[in-house]
Amino acid sequence: MAEQATAPLSEAHNVSGPGEAPAAGPARPPATPEGMALAYGSLVLMALLPIFFGALRSVTCAKSKNASDMPETITSRDAARFPIVASCTLFGLYLFFKIFSQEYINLLLSMYFFVLGILALSHTISPIMNKFFPANFPSKQYQLLFTQGSGENKEEIVNYEFDSKDLVCLAMSSVVGVWYLLRKHWIANNLFGLAFSLNGVELLHLNNVSTGCILLGGLFIYDVFWVFGTNVMVTVAKSFEAPIKLVFPQDLLEKGLEADNFAMLGLGDVVIPGIFIALLLRFDISLKKNTHTYFYTSFVAYIFGLGLTIFIMHIFKHAQPALLYLVPACIGFPLLVALVKGEVTEMFSYEENSTPKEEPGDSKDARMETDKKEK
């Protein structure tokens, strides 16, 4: 899940390039001001939804003891390595598209994201759908468990718990998956993209603010280099047919749902700032002041940064590295508020546990000890 949520595509631009004709076929007419406003306004809204609701769900996720809902914690070492891993992945994809047939690569990727998209969308809609199930709906519990090794060396690879309601959500998500697989429709793409983004913000947790600054700072450099320094990112973004970007047609008003002149925003520009914003929400809650000052500050900062990205892109008619504007805004605004309130020390000393604390008797050793005492 983490790999898809933070896919190395971090720009908003036209699929065919601003002011350029597509590789084949007649040149497209330029987008109307109304169409562009609708497209970019929709991209901003689609970016904000998974950040807001993903952050709220991350609070519950941090307290969960369900193995399938436990978050994955990003440490400072992970954050420092991530830009390098992302760069290698991005350049590897670029080489693949240059050497091998784009058609076959995208076919494999479509199958891969078909499965992941169904799981992500099912997990996203499950809490919503649970409210609509009748009270007498039969709910049987299931567990999917894969282990490696035996005895004391046994290690869990997959431990996923679900029930009958989750199976219904999985069936509904499969319909969207088949739609995406057969048609590659932009609405199906966005449903999967929103699900990936929300899951990423919910399940990927930074362990502290310093780690967040390292991650965002590293990806700031990564984004600027690969967009301005080379054509690698733009090339991969145009070639990569997978739901790792949010898209919206600029010619929707003229062509309806069959529109094909898209503006796009990479999921990395949603998830990376989103997990930092979610961390600040959990920090707000830890202060126990019944206010969400840092969360709302960073949320407004994200809107400002994304709006500035779109404005600069429109002025210069060139793909922009969104993190160039988002990172200073999302880090700078909350830090300025912390300086004014005198809470910088509290902010940088806040630390999250990687796993929920076990209650007495929860662990296997504790249960064995209890059994011995009872005997």
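Residues numbered from 1 in each chain as written. Predicted model: local features only at pLDDT ≥ 70, side-chain atom pairs only at ≥ 80, totals over all residues. Heavy atoms only, no water.

- Under an unreviewed UniProt entry, the name given to the protein chain is Histocompatibility minor 13, and the source organism is Terrapene triunguis.

## What to know about the overall build of the protein chain
Logical step 1: Broken down by element type, the protein chain carries 14 helices and eight strands.
Logical step 2: The burial tally for the protein chain puts 47% of its 375 residues in the buried class.
Logical step 3: Across the protein chain, the fraction of contacts at a sequence separation of at least 24, relative to all contacts at a separation of at least 6, is 79%.
Logical step 4: A total of about 19,100 Å² of accessible surface is found on the protein chain, and carbon and sulfur atoms cover 64% of it. (Helix = DSSP H or I, 4+ residues; strand = E, 2+ residues; numbered from the N terminus. Buried < 20%, exposed > 50% of the residue type's maximum accessible area, 1.4 Å probe, protein only. Contact = heavy atoms within 4.5 Å. Areas by Shrake-Rupley, 256 points an atom, 1.4 Å probe, with all protein chains shown as cover.)

## What about empty space enclosed by the protein?
Logical step 1: In this structure the tally under the stated criterion is two cavities of 30 Å³ or more.
Logical step 2: Taken together, Val209, Cys213, Phe276, Leu280, Ile331, Pro334, Leu335, Met347 and Phe348 make up the full set of residues lining the second largest cavity.
Logical step 3: Elements supplying a minimum of two residues to the lining of the second largest cavity: helix 7 (209-229), helix 10 (268-287), helix 12 (323-341) and helix 13 (344-349).
Logical step 4: A per-element tally of the lining of the second largest cavity places helix 12 first, with three residues. (1 Å grid on protein atoms, 1.4 Å probe; cavity = no way out; pocket = protein on both sides within 12 Å on 5 of 7 lines; lining within 4 Å. Points joined across faces, edges and corners; volume = space filled by probe spheres on them.)

## Section: the confidence of the model for the protein chain
Logical step 1: Counting all residues, the mean pLDDT for the protein chain is 84, and 85% of those residues have values of 70 or more.
Logical step 2: In this model residues 354-375 is a low-confidence stretch, pLDDT under 50, and it forms 13 contacts with partners more than four residues away in sequence or in other chains. (pLDDT = per-residue confidence, 0-100.)

## Digging into unusual backbone geometry
Logical step 1: For lysine 288, which is not a glycine, the phi torsion comes out positive at approximately 55°.
Logical step 2: Here lysine 288 is to be found in the loop between helix 10 and helix 11 (293-316).
Logical step 3: A positive phi angle, near 55°, is found at lysine 317, a position not held by glycine.
Logical step 4: As for its placement among the helices and strands, lysine 317 is situated in the loop between helix 11 and strand 8 (320-321).

## Structural notes on the packing of aromatic side chains
Logical step 1: The full count for this structure, using the stated rule, is 21 aromatic pairs.
Logical step 2: Where tryptophan 186 meets phenylalanine 248, the ring centres are 5.3 Å apart and the plane angle is 70°; that geometry is what we call edge-to-face. Of this pair, tryptophan 186 sits in helix 6 (residues 186-203) while phenylalanine 248 sits in strand 6 (residues 245-249), and the two are 62 residues apart along the sequence. Like tryptophan 186, the residue phenylalanine 248 is buried in the burial classification.
Logical step 3: Taking the centre distance of 5.4 Å and the plane angle of 50° together, the rings of phenylalanine 283 and tyrosine 294 count as tilted. Placement of the pair is phenylalanine 283 in helix 10 and tyrosine 294 in helix 11, with a sequence separation of eleven residues. The exposure classification of phenylalanine 283 matches that of tyrosine 294, with both residues buried.
Logical step 4: Cluster of aromatic residues (ring-pair linked, three or more members): Phe52, Phe53, Phe295, Tyr296 and Phe299. (Phe/Tyr/Trp six-rings, centres within 6.5 Å; stacked < 30°, edge-to-face > 60°.)

## Things to note about the pairing of strand 4 (residues 155-163)
Two faces, one strand: in a regular strand the side chains alternate between the faces of the sheet.
Logical step 1: Two strands pair when backbone bridges link them, and strand 3 (residues 141-148) and strand 4 are joined in this way by eight bridges, in the antiparallel orientation. Following the sheet pairing, phenylalanine 146 is matched in strand 4 by valine 158.
Logical step 2: What sits between the antiparallel neighbours strand 3 and strand 4 is a turn of six residues, in which glycine 149 has the positive phi angle 85°. (Pairing = 2+ DSSP bridges.)

## Some details on the environment of methionine 46
Logical step 1: In this structure, methionine 46 sits in helix 2 (residues 33-63).
Logical step 2: By relative accessible area, which is 12% here, methionine 46 ends up buried.
Logical step 3: Put simply, methionine 46 and valine 247 are 201 residues apart on the chain and 9.4 Å apart in space, counted from C-alpha to C-alpha.
Logical step 4: Not counting residues up to four positions away in its chain, the partners in contact with methionine 46 are Asn190, Leu194, Leu246, Val247 and Phe248.

## A look at the UniProt feature "transmembrane region" (unreviewed entry) in the protein chain
Logical step 1: Residues annotated by UniProt as "transmembrane region" (unreviewed entry) correspond here to residues 37-59, 79-97, 104-125, 203-228, 262-281, 293-316 and 322-340.
Logical step 2: Note that residues 104-125 is 100% helix and 0% strand, and that its end C-alpha atoms are spaced 31 Å apart. (UniProt positions renumbered as here; feature names shortened; annotations may be inferred.)

## As for the packing of helix 7 against helix 12
Logical step 1: It is the contact of helix 7 with helix 12, at a shortest axis distance of 9 Å, that shows an interaxial angle of 160°. When the axis of helix 7 is compared with that of helix 12, the two are roughly antiparallel. Like other packed secondary-structure pairs, helix 7 and helix 12 cross with a definite hand, here left-handed. The segment helix 7 lies against helix 12, with Cys213, Leu216, Gly217, Leu219, Phe220, Asp223, Val224 and Phe228 engaging Leu323, Leu324, Val327, Pro328 and Ile331. (Axes fitted to C-alpha atoms, helices over the stretch in contact; angles between N-to-C directions. Parallel < 35°, antiparallel > 145°, perpendicular 65-115°, else oblique. Left-handed = near helix turned anticlockwise from the far one by under 90°.)

## Concerning helix 4 (residues 102-129)
Logical step 1: The first and last C-alpha atoms of helix 4 sit 38 Å apart over 28 residues, in line with the 40 Å expected at 1.5 Å per residue.
Logical step 2: Of all the bends in helix 4, the largest measures some 25° and sits at histidine 123, one to four residues before the proline proline 127. (Expected span 1.5 Å × (residues − 1). Bend = angle between axes of the 7 residues up to and from the residue.)

## Quick word on the pattern of salt bridges
Here the idea is simple: oppositely charged side chains can pair when their charged atoms come close.
Logical step 1: Under the defined criterion, the tally for this structure stands at seven salt bridges.
Logical step 2: A salt bridge links arginine 57 to glutamate 202; the shortest N-O distance between them is 3.3 Å. Note that arginine 57 is positioned in helix 2 and glutamate 202 in helix 6, a separation of 145 residues in sequence.
Logical step 3: Of the residues examined, glutamate 202 reaches a relative accessible area of 6% and is grouped as buried.
Logical step 4: One network of salt bridges, with partners in common, ties together Asp251, Lys255 and Asp260. (Salt bridge = Lys/Arg side-chain N within 4 Å of Asp/Glu carboxyl O.)

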